Amino acid sequence: MGRLGAAAFLVLIGAMPALAAELPTRKAGLWEMKMSFENRNGAGPPTIQQCIDAATDQMMQSSAGPLAQAACSKRDVQRSGNTITIDSTCTLSGKTATSHSVVTGSFDSAYTMTVTSESEAMPGGKMTMTMAAKWLGPCAADQKPGDMIVGNGFKMNILEMQKHGLSQGVPLPR
């Protein structure tokens, strides 16, 4: 899982610079994200649920923005209808990483983001990750913005983690 987590970081970092500036804010409430990795053995990360409001969503989208923008020499964002395409070239640990991201759907109900990334820094050199997100409805009465629930029931609040400096520079699943 450690190698997969590091590879997922590399895949996502190429898409992150554009997220805060280019993607619409998601509808407030409870979102479910399922990630899958092409050509990878074993199960991908568990399903994640996020309780968000507008401020929390913007913070989650931009959590790696400044870091990633400084490391990326190219960012090309194209919009066509409900599709956003992002091509990035970044330098990570002295190695070039390229990514091609396609985001389709509605940020009010459901969207899919597919990121194909290539870098010598990744195991196998190339990885494709697909994340499907859907709005489940309002957050439960015992949830607050920033709450993230992993498939095994583990719950954490990303806002509290950030206050304690535990999530600085780590991109969060989108």
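So, here's what we can say about the structure. All figures in this text were calculated on a predicted structure; none of them were measured in a lab.

1. Considering the sheet that holds strand β5 (residues 95-106)
Sheets are built from strands paired through backbone hydrogen bonds, the pairs being either parallel or antiparallel.
Piece 1. Reading across the sheet, the 9 strands line up as β3-β4-β5-β6-β7-β1-β2-β8-β9 and stay open at both edges, with antiparallel pairing between neighbours. For this open sheet the edge positions go to β3 (72-80) and β9 (155-157), each flanked by a neighbour on one side alone. This sheet shows a mean twist of 20° between the axes of neighbouring strands, independent of strand direction.
Piece 2. Sheet topology note: the β5/strand β6 (residues 110-119) ladder contains 10 bridges and is antiparallel. For Ser101, the partnering residue across the bridge sits in β6 and is Val115.

2. Regarding the packing of aromatic side chains
Piece 1. Under the defined criterion, the tally for this structure stands at 2 aromatic pairs.
Piece 2. Judged by centre distance (5.6 Å) and plane angle (50°), the rings of Trp31 and Tyr111 are tilted. Of the two residues, Trp31 sits in strand β1 (residues 29-38) while Tyr111 sits in strand β6, which places them 80 residues apart along the sequence.
Piece 3. Trp31 gets classed as buried once you look at its relative accessible area, which sits at 0%.
Piece 4. On the basis of an interplanar angle of 20° and a centroid distance of 4.6 Å, the ring pair of Phe107 and Tyr111 is categorised as stacked.

About the criteria used
As a convention, each chain's residues are numbered from 1 in the sequence order in which they are written. Totals for whole chains, interfaces and linings use all residues, but because this is a predicted model, local features are given only for residues with pLDDT of at least 70 and pairs of side-chain atoms are given and counted only at 80 or more. Heavy atoms from the whole structure form the basis of all side-chain values; hydrogens and water molecules are not counted. Note on pairing: two strands pair once DSSP finds at least 2 bridges between them. Numbering of helices and strands starts at the N terminus; helices are DSSP runs of H or I of at least 4 residues and strands are runs of E of at least 2. Interaxial angle, 0 to 180 degrees, is taken between N-to-C directions of lines fitted to C-alpha atoms, where a helix line uses only the stretch in contact. We call Phe, Tyr and Trp rings a pair once their centres come within 6.5 Å, taking the six-membered ring for Trp, and we label the pair stacked below 30 degrees between planes, edge-to-face above 60, and tilted otherwise. Burial classes: relative accessible area under 20% of the type maximum marks a residue as buried, over 50% as exposed, and values in between as partly exposed (1.4 Å probe, protein chains only).

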